[in-house]
Amino acid sequence: MYNSFMQVIVDKLLINYQRKGKGKKIILIHGWAVNLSNLDVLYKNLSKDFDVISLDLPGFGASQTPAGVWGLEEFSSFLAKFVKKLEIKDIYAVIGHSNGGAMAIKAVASGSLPVDRLVVLSSAGIRGEEKAKQVAIKLMTKAGKVISAPLPASTKNKLKHKLYTAIKSDYLVASNMKESFKKIVNQDLRLDASKIKIPTLLIYGAEDDQTPVLYGRLYHELISDSTLEIIGTAGHFVQQDKPDIVVKLIKDFLC
């Protein structure tokens, strides 16, 4: 039985994590620009029936920032090393939210994280459908540079923040990982998803404007043994908007 915050060195990075419960092992992977607390509702509820490990990904929360630029491959490789360092064997399931879902898909598809079940909440990783948004990011960034050129540094930063907030970008929210963010938002996982053969639960919020239901439908078509659940009146953080529904869906799927 575990129930505390702990730290471990993985690939020369100090990683913060927590572990609680007993039984089959589950790994929780949070999304971009947040930390492990974003999945607290899952951690607290699932640890009643499972051995749950939740971590701050490198560059987020209390974990150190990696020196280089990381894409989904690097995060996938890190997860495998994290599991090996903790000597965690026979992982039953991995659960990822948003870009954490994309990392989970990549890790499972590549074989670096062998599991029996996969759960993704509001998963990112479908990139071609958002070309307009990516163009908008580039145009607004250039516009921001031109408009703010004669202004003081503090004013420039405020204007940049407004520009990125207007298009719901996490680019500045996790500025220490901005190069990694730019790399990840250009990586599409449709080919990876088609390789997944294990039972998979896809959960999306009907009102999610960051990773829309369309993504869930596309993943559902690509992953042969998948179930898609769309939660009404829930947004991107579906586990926080509708915690009871999400927890029940996951427990029913895993038990």
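Residues numbered from 1 in each chain as written. Predicted model: local features only at pLDDT ≥ 70, side-chain atom pairs only at ≥ 80, totals over all residues. Heavy atoms only, no water.

**Student:** Looking at this structure, I do not really get the overall build of the chain. What am I missing?
**Tutor:** Broken down by element type, the chain carries ten helices and eight strands. Of the contacts made within the chain by residues no fewer than 6 positions apart, 73% connect residues no fewer than 24 positions apart. Accessible surface computed for the chain: about 11,800 Å², of which carbon and sulfur atoms make up 53%. (Helix = DSSP H or I, 4+ residues; strand = E, 2+ residues; numbered from the N terminus. Contact = heavy atoms within 4.5 Å. Areas by Shrake-Rupley, 256 points an atom, 1.4 Å probe, with all protein chains shown as cover.)

**Student:** How should I be thinking about the packing of aromatic side chains in this particular structure?
**Tutor:** To describe a pair of aromatic rings, one takes the distance between the centres and the angle between the planes. Under the criterion given, the structure shown has eight aromatic pairs. The interplanar angle of 80° and the centroid separation of 5.1 Å between the aromatic rings of Trp-70 and Phe-75 together place this pair among those described as edge-to-face. An identical accessibility class is assigned to Trp-70 and Phe-75; each is buried. Seen from the ring of Tyr-92, Lys-24 lies directly overhead, with NZ or CZ sitting 4.3 Å from the centre. (Phe/Tyr/Trp six-rings, centres within 6.5 Å; stacked < 30°, edge-to-face > 60°. Buried < 20%, exposed > 50% of the residue type's maximum accessible area, 1.4 Å probe, protein only. Lys NZ or Arg CZ within 6 Å of the ring centre and 35° of its normal.)

**Student:** I keep staring at unusual backbone geometry and nothing clicks. Help me out?
**Tutor:** Trans peptide bonds make up most of the peptide bonds, and negative phi angles are found at most residues other than glycine. For Asp-90, which is not a glycine, the phi torsion comes out positive at approximately 55°. Considering the arrangement of structural elements, one finds Asp-90 in the loop between α2 (72-85) and β5 (91-97). With a relative accessible area of 72%, Asp-90 lands in the exposed category.

**Student:** Help me out: how do you make sense of the packing of α2 against helix α3 (residues 99-110) in this one?
**Tutor:** Packed helix pairs are specified by the crossing angle of their axes together with the interaxial distance, meaning the distance between the axes. Where α2 contacts α3, the two axes come as close as 9 Å, and the packing angle between them is 70°. Regarding the angle of α2 to α3, the classification is roughly perpendicular. In this structure, α2 uses Leu-72, Glu-73, Phe-75, Ser-76 and Leu-79 to contact α3, whose residues at the interface are Ala-102, Met-103, Lys-106, Ala-107 and Ser-110. Here the residues of the contact of α2 with α3 are counted per class, giving six nonpolar, two polar and two charged. (Axes fitted to C-alpha atoms, helices over the stretch in contact; angles between N-to-C directions. Parallel < 35°, antiparallel > 145°, perpendicular 65-115°, else oblique. Nonpolar A, V, L, I, M, F, W, Y, C, P; charged D, E, K, R; others polar.)

**Student:** Looking at this structure, how should I read the pattern of salt bridges?
**Tutor:** Close approach of charged atoms allows side chains with opposite charge to pair. Scanning the entire structure with this criterion turns up nine salt bridges. Salt-bridge contacts for Asp-11 lead to Lys-81; the nearest nitrogen and oxygen are separated by 2.7 Å. Taken together, the residues Asp-11 in the loop between β1 (2-10) and β2 (13-21) and Lys-81 in helix α2 connect sequence positions 70 residues apart. For Lys-251, the salt bridge identified is with Asp-49, shortest N-O distance 3.0 Å. You can see Lys-251 sitting in helix α10 (residues 243-254) and its partner Asp-49 sitting in the loop between α1 (40-46) and β4 (51-55), a full 202 residues away along the chain. (Salt bridge = Lys/Arg side-chain N within 4 Å of Asp/Glu carboxyl O.)

**Student:** Quick question: what am I supposed to make of the pairing of strand β8 (residues 226-231) here?
**Tutor:** The side chains of a regular strand alternate, residue by residue, between the two faces of the sheet. The pairing of strand β7 (residues 200-205) with β8 spans six bridges and is parallel. Looking at β8, one finds that Tyr-204 is bridged to Ile-230. Taken together, β7, helix α8 (residues 213-222) and β8 constitute a β-α-β crossover, and its handedness is right-handed. (Pairing = 2+ DSSP bridges. Right-handed = clockwise from strand over helix to strand, strands pointing away.)

**Student:** In this structure, what is going on with the side chain of Ser-98? I would like to understand it.
**Tutor:** Here Ser-98 is to be found in the loop between β5 and α3. Given a relative accessible area of 9%, Ser-98 falls into the buried group. Excluding residues within four positions of it along the chain, Ser-98 makes contact with Gly-31, Leu-121, Ser-122, Ser-123, Ala-124 and His-236.

**Student:** Mind showing me how you'd approach the confidence of the model for the chain here?
**Tutor:** Predicted confidence across the chain gives a mean pLDDT of 87, with 80% of residues reaching 70 or more. Low pLDDT (under 50) marks residues 131-148, which in the prediction has 18 contacts with non-local residues, meaning those over four places away or in another chain. Note on residues 163-172: pLDDT under 50 across the span, and 26 contacts to partners over four residues away in sequence or across chains. (pLDDT = per-residue confidence, 0-100.)

**Student:** For this particular structure, what's the right way to read the nonpolar core?
**Tutor:** Most often, soluble globular proteins have nonpolar side chains that are buried together. Within the largest apolar cluster, 50 residues are counted, with the highest numbers of intra-cluster contacts made by Ile-27, Phe-82, Val-94 and Leu-118. Here the element with the most residues in this core is α3; it accounts for seven residues. With near-sequence residues (within four places) excluded, Val-94 lies in contact with Ile-27, Ile-29, Ala-104, Val-108, Leu-113, Val-115, Arg-117, Leu-118 and Val-119. Judged by nonpolar contacts, the second largest core, of 24 residues, contains Tyr-92, Ile-95, Ile-231 and Val-247. (Core = buried A, V, L, I, M, F, W, Y, C linked by side-chain atoms within 4.5 Å.)

**Student:** I would appreciate a short explanation of α2 in the present structure.
**Tutor:** Note on helix geometry: an α-helix contains 3.6 residues per turn, so any two residues three or four positions apart are oriented the same way. Here α2 is 14 residues long and its end C-alpha atoms lie 20 Å apart, about the 20 Å a rise of 1.5 Å per residue gives. Taken together, the buried positions of α2 are occupied by Leu-72, Phe-75, Ser-76, Phe-78, Leu-79, Phe-82 and Val-83. Down the axis of α2, the sector holding all buried residues measures 160°, keeping them to one side. One or two steps after α2, the chain reaches Glu-87, where phi turns positive at roughly 55°. (Expected span 1.5 Å × (residues − 1). Arc of directions from axis to C-beta.)

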